[in-house]
Amino acid sequence: MDKTQVAAIFEEIAVLLEIKGENPFKSRAYERAARTILSRSTDIKELVETGKIHEIKGIGTALAEKIGELVATGRLTYYDKLKASIPGSLLEMTAIPGFGPKKIKMVYEVLGIRTIGELEVACKENRLADLAGFGAKTQERILRGIEFIKKGKERFLYHHAEEAAKPLFEALSNHPKVIRAEVCGSLRRKKETVKDIDIIASTREEDVPQIMEFFTTRPEVDTITARGSTKSSVVLKRGINADLRIMPDDKFATILHHFTGSAEHNTAMRGLAKKLKLKISEYGLFRNDDELIPCKEEADMFAALGLAYIPPELREDNDEIEAAAENRIPNLVEGSDIQGILHCHSTFSDGANTIEEMAVATKELGYEYFGLCDHSQIVVYARGLTPEQVKEQHARVDELNQKFDGFKILKGTECDILNDGTLDYADDVLNSFDFVVASVHTNLNMSPEDATNRILKAMQNPYVNILGHPTGRILMGRQGLLLDMHRIIDAAAEFNVAIELNASPYRLDIDWRYCKYAKERDVLISINPDAHSVSGLQDMRYGVGIARKGWLEKENILNAMSLEKIESYFKMKRNKM
Ligand code: DGT
Ligand code: CA
Ligand code: ZN
């Protein structure tokens, strides 16, 4: 072990001690020792072996012994023990600029935040704003810091990739020499995470160099990694890679299909073509090996194979080709099918906007109802409501509802599911709401069996209308409960509970891979933004994208019901009790 390795461990120990809240002098001693070690030109091994280590100012007997152990064995028992005493993921947070050990200790102890993913969501949900020594500005700074360290990571959340792709795509589309342009790959398929941005554009041949130049010199570009005659690759300032491919317009449709993928869908399509004595390649659709079948649009290519048009979201080799052949491609839900918004927070719990601000914004977006769902009493860090506060809130809602015409605030709650599967409010409190969303926020590390039973028990509570973010996962940040989703969906069917598709781009939970089974079982899915501010209402479209990926139609979506329908739907369950 050389001096840089020893110094790195000492620096880490200093941070760990500070996170643990131990004597600050101790932590500073390690920090100083790390610097001293680094500044010595003599080899550390030699310093230990000659005993000279004891002569160095600032390195006492205890530290010298630890250096000795590290140099001799490559390990340090003290360090191993220290590391084991706190979650390792806390240490990763030190990579966030301006987020030191003191702040880490605070969010860990007060809010129970252990990972960067959890921290990011907590900032989005406005939970750091009121923490001593934090505030809205710090919260904003932390978010920017997290975005910064996420650069260079393997995959990106859909909305971050989409934001990065947007200016590039718009610039290309608006370029007078570009005939058609499209973003393809996983972004076009609306996958919840995305590796890179794939863009294609068609132009006349003589314009290709000009478009390449235009693309690679865009202000969003950080570095150019490849520049060819038909393809260029760049790294954007946001840290994500983007590829552009340029082709003549008569090739656009088949290349669009190819680069939309998925690879599995493409393989299945090629198999089908082969059976029909046709051939699909990156270059087009062919008969007799080299006779190009012209396709102006993707639909022409599908039609040549006897298929109905397959929306990009479905192209995951998940029965979509069979469905297209049998003319049973679903009529996928669209944003305009959604009639109201359920599950949002207000300043009564951890939201940033008042009930009135949230409701008015929802109304202005064209919806018919706003489902207010603040947290329940146990969620102290999010200022969950006591039964007394629930009463106050309901009085406020009644008052506000007087003012609206053709729009209504529905009284809901996001009631916590406790460890044993019971709910955080007694029946009489639950009964005072128009509807109940039940969610887990704590103890997400249970065994799959215990976790499934916990949720199943909650779903049997007759007041529960919607199971909120079933697993509690945070994409790329936290796995959440490992549920047996088929059993959960079966129970939803049996007990008449809808399942939330949390539309926050950090959650997108229920996963789209289970939506199809929910549809088969006639379980309704509720697309909920879980908005903690007015701007959070915009997340609805991410939920709609995932619902489409899950084959869902308007009929499968709870909040595609009109106000009148959904009110009687909620009442019906109560009346059966
Ligand atoms: P990702 O990982 O989020 O970037 O996902 P994609 O689907 O965007 O994957 P990417 O960027 O590697 O490739 C873009 C498209 O190119 C992909 O959706 C389908 C096509 N493609 C890539 N590799 C293959 C392959 O091995 N076989 C076939 N048939 N198509 C492929
Ligand atoms: Ca891609
Ligand atoms: Zn929640």
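Residues numbered from 1 in each chain as written. Chains lettered and ligands numbered in written order. Predicted model: local features only at pLDDT ≥ 70, side-chain atom pairs only at ≥ 80, totals over all residues. Heavy atoms only, no water.

K.L.:
Just checking my understanding: could you explain the site of ligand 1 for this structure?
P.N.:
Of all residues adjacent to ligand 1, which total 16 residues, the nearest are Arg155, Ser186, Arg189, Lys195 and Asp196. A distance of 2.8 Å separates an oxygen atom of ligand 1 from a polar side-chain atom of Arg189. A total of 590 Å² of accessible area belongs to ligand 1 in isolation, and the protein chains cover 70% of it. Mapped by element, the contributors of at least two residues to the shell around ligand 1 are helix H11 (185-188), helix H13 (252-260) and helix H14 (263-275). For the shell around ligand 1, a count of residues per class yields three nonpolar, seven polar and six charged. For the shell around ligand 1, the two domains that each supply at least three residues are domain 2 (155-247) and domain 3 (261-329). (Near = heavy atom within 4 Å. Polar contact = N/O pair within 3.5 Å; in protein donor to acceptor, adjacent residues only side chain to side chain. Areas by Shrake-Rupley, 256 points an atom, 1.4 Å probe, with all protein chains shown as cover. Helix = DSSP H or I, 4+ residues; strand = E, 2+ residues; numbered from the N terminus. Nonpolar A, V, L, I, M, F, W, Y, C, P; charged D, E, K, R; others polar. Domains from an automatic or database assignment.)

K.L.:
Looking at this structure, I do not really get empty space enclosed by the protein. What am I missing?
P.N.:
In this approach the atoms are scanned with a rolling probe the size of a water molecule, which exposes any empty space left behind. A complete count under the given rule lists three cavities of 30 Å³ or more for this structure. Here the largest cavity is characterised by a volume of approximately 60 Å³. Here the lining of the largest cavity takes four residues from helix H23 (residues 540-549), the largest share from any one element. When the residues that make up the lining of the largest cavity are grouped by side-chain class, the tally is four nonpolar, one polar and four charged. Split by domain, the residues of the lining of the largest cavity number at least three in each of domain 2 (155-247) and domain 4 (335-575). (1 Å grid on protein atoms, 1.4 Å probe; cavity = no way out; pocket = protein on both sides within 12 Å on 5 of 7 lines; lining within 4 Å. Points joined across faces, edges and corners; volume = space filled by probe spheres on them.)

K.L.:
Could you clarify how one ought to interpret the sheet that holds strand E9 (residues 284-287) in this entry?
P.N.:
Spatially, three strands are ordered E8-E9-E10 in an open sheet, and the strand pairing comes out antiparallel. Edge strands, defined here as strands with exactly one partner in the open sheet, are strand E8 (278-281) and strand E10 (291-292). In this structure, E8 lies alongside E9, joined through four bridges in antiparallel fashion. Bridging from a neighbouring strand, Ile280 pairs with Leu285 of E9. (Pairing = 2+ DSSP bridges.)

K.L.:
Please clarify how the domain arrangement of the chain should be interpreted in this entry.
P.N.:
Size of an interface: often given as the accessible area lost when the parts come together. When cut into domains, the chain gives domain 1 (3-152), domain 2 (155-247), domain 3 (261-329) and domain 4 (335-575). Listed per partner, the contact involves five residues of domain 2 and ten residues of domain 3. Roughly 660 Å² is buried in total at the junction of domain 2 and domain 3, and carbon and sulfur atoms are behind 34% of that figure. When the area that domain 2 buries against domain 3 is broken down by residue, the three leading residues are Arg180, Arg188 and Arg189, summing to 82%. Counting every contact that joins domain 2 to domain 3 gives four salt bridges. Where Arg180 meets Glu297, a salt bridge forms, and the shortest distance between an N and an O atom there is 3.5 Å. Our count for the domain 2 to domain 3 interface comes out at four residue pairs in polar contact (both at pLDDT 80 or more). Each residue belonging to the side of domain 2 that touches domain 3 can be placed in one class, and the counts come to no nonpolar, no polar and five charged. (Contact = heavy atoms within 4.5 Å. Buried area = accessible area lost by both parts, 1.4 Å probe. Salt bridge = Lys/Arg side-chain N within 4 Å of Asp/Glu carboxyl O.)

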